[in-house]
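# Per-entry structural report
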Amino acid sequence: MKRLLALILPLFLFAAAWSALAQPTVLNVVATTTIIADVARSIGGDRITVTTLVPPDSDEHAWQPTPRDAARLAEADLLLVNGAGLELFLGGLLDNAGSVTPVVVSNGITMLPAHEAHADGHVDDHADAKHIGVLGVDMVCDEHDEQEAHSDDEQEAHQDDEHAHGACDPHVWTDPANVMIWADNIAAALAAADPDGAGFYAANADAYKAQLADLDAEIEALL
């Protein structure tokens, strides 16, 4: 009996180790908003777990993080953020969140100025002629970008229009073409953290972008 166990136990341990190695990497991903989390889940599938910082139905402009949120970030493999000045709460939070580096999923999007777009996603007519630059390429778009001098009344109205974000309107997800850029950025970030899954992420991103292209065409036809 002891001899039999001596033969079986190494085989059992080898099988257990092989099973563990065969399991795909499961990345612990934190997204700042539920919208980013939804896109990440579509691309990451069962190779990732996604949680959000700002709870559903909460206003990211007013939400305040807790020490527990800092602990969650310290355990994360990846932090996905909108950028463009949306997540003003991240400044102090990242100071206590370990080494996780934010991935700005909106990098590469051509930005509208804050006063050309509104919180509900409505964009003024001809706003496409007033783009102010590409996020992450020739601009940062944080809350300190706007350097022009204004009178007190102009400054107050200007700040109301920008929702304290800065020079850019950060609500980029209202345009499906922008979310296509999100998809590529998220797929690239996941692949960098999990190279074995690069093909999986790229294929899912392509499929997701095809759905967005159909949605964009439908919106274009309606408008």
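Just so it is clear, the structure is predicted and the values come from calculations on it, not from any experiment. (Residues numbered from 1 in each chain as written. Predicted model: local features only at pLDDT ≥ 70, side-chain atom pairs only at ≥ 80, totals over all residues. Heavy atoms only, no water.)

Bringing helix 7 (residues 198-222) into the picture now. With 25 residues, helix 7 extends 36 Å between its outermost C-alpha atoms, agreeing within 8% with the 36 Å of an ideal straight helix rising 1.5 Å per residue. In this structure, the buried side of helix 7 is in contact with strand 1 (27-31), helix 2 (34-44), strand 2 (48-52) and helix 6 (176-193). (Helix = DSSP H or I, 4+ residues; strand = E, 2+ residues; numbered from the N terminus. Expected span 1.5 Å × (residues − 1). Contact = heavy atoms within 4.5 Å.)

A positive phi angle is found at Asp-57, which is not glycine, with a value near 65 degrees. If you trace the backbone, Asp-57 turns up in the loop between strand 2 and helix 3 (67-74). Owing to a relative accessible area of 87%, Asp-57 belongs among the exposed residues under this scheme. For Ala-84, which is not glycine, the phi dihedral falls at a positive 60 degrees. (Buried < 20%, exposed > 50% of the residue type's maximum accessible area, 1.4 Å probe, protein only.)

According to the stated counting rule, one finds three aromatic pairs in the structure shown. Consider the rings of Trp-63 and Phe-89, whose centres lie 4.9 Å apart with planes at 85 degrees: the pair is edge-to-face. Placement of Trp-63 in the loop between strand 2 and helix 3 and of Phe-89 in the loop between strand 3 (78-81) and helix 4 (90-95) is noted, with a sequence separation of 26 residues between them. Summarising the burial analysis for this pair, Trp-63 and Phe-89 share the class buried. Between Phe-200 and Tyr-201, the aromatic rings sit 5.8 Å apart at their centres with planes inclined by 70 degrees, giving edge-to-face as the arrangement. By relative accessible area, Phe-200 is classed as partly exposed at 33%. (Phe/Tyr/Trp six-rings, centres within 6.5 Å; stacked < 30°, edge-to-face > 60°.)

Scanning the model with the defined rule gives five salt bridges in all. With its nearest N and O atoms 3.0 Å apart, the salt bridge here joins Arg-72 to Asp-69. Here the residue Arg-72 and the residue Asp-69 both occupy positions in helix 3, the gap between them amounting to three residues, near one helical turn. Of the charged contacts in the structure, one is a salt bridge between Lys-209 and Asp-206, with a shortest N-O distance of 3.8 Å. In this pair, Lys-209 and Asp-206 are both assigned in helix 7, three residues apart and thus about one turn of the helix distant. Connected via shared salt-bridge partners are Asp-184, Asp-206 and Lys-209. (Salt bridge = Lys/Arg side-chain N within 4 Å of Asp/Glu carboxyl O.)

We now examine helix 6. Over its 18 residues, helix 6 runs 26 Å from end to end, which matches the ideal 26 Å to within 8%, given 1.5 Å per residue. If you follow the buried residues of helix 6, they end up packed against strand 1, helix 2, strand 2, strand 3, strand 4 (102-104) and helix 7. A side-chain oxygen of the first residue of helix 6 lies 2.9 Å from the backbone nitrogen of Ala-177; this N-cap is Asp-175. (Polar contact = N/O pair within 3.5 Å; in protein donor to acceptor, adjacent residues only side chain to side chain.)

Once that is clear, we can look at the environment of Asn-96. If you trace the backbone, Asn-96 turns up in the loop between helix 4 and strand 4. Exposure remark for Asn-96: the relative accessible area of 58% places this residue in the exposed category.

A separate point is a nonpolar patch on the surface. On the surface, Leu-215, Ile-219, Leu-222 and Leu-223 cluster together into a nonpolar patch covering about 450 Å² of accessible area. Position of Leu-222 relative to the elements: it lies in helix 7. (Patch = residues over 30% accessible without salt bridge, like charges linked within 9 Å, V, L, I, M, F, W, Y side chains within 5 Å. Areas by Shrake-Rupley, 256 points an atom, 1.4 Å probe, with all protein chains shown as cover.)

Moving on to the pairing of strand 2. For a regular strand, side chains alternate in direction, first toward one face of the sheet and then toward the other. Covered by surrounding structure in strand 2 are Ile-48, Val-50 and Thr-52 only, the residues Thr-49 and Thr-51 on the alternate face being uncovered. Bridging between strand 1 and strand 2 involves five bridges; their strand directions are parallel. Opposite Ala-31, over in strand 2, you have Thr-52 as the bridge partner. (Pairing = 2+ DSSP bridges.)

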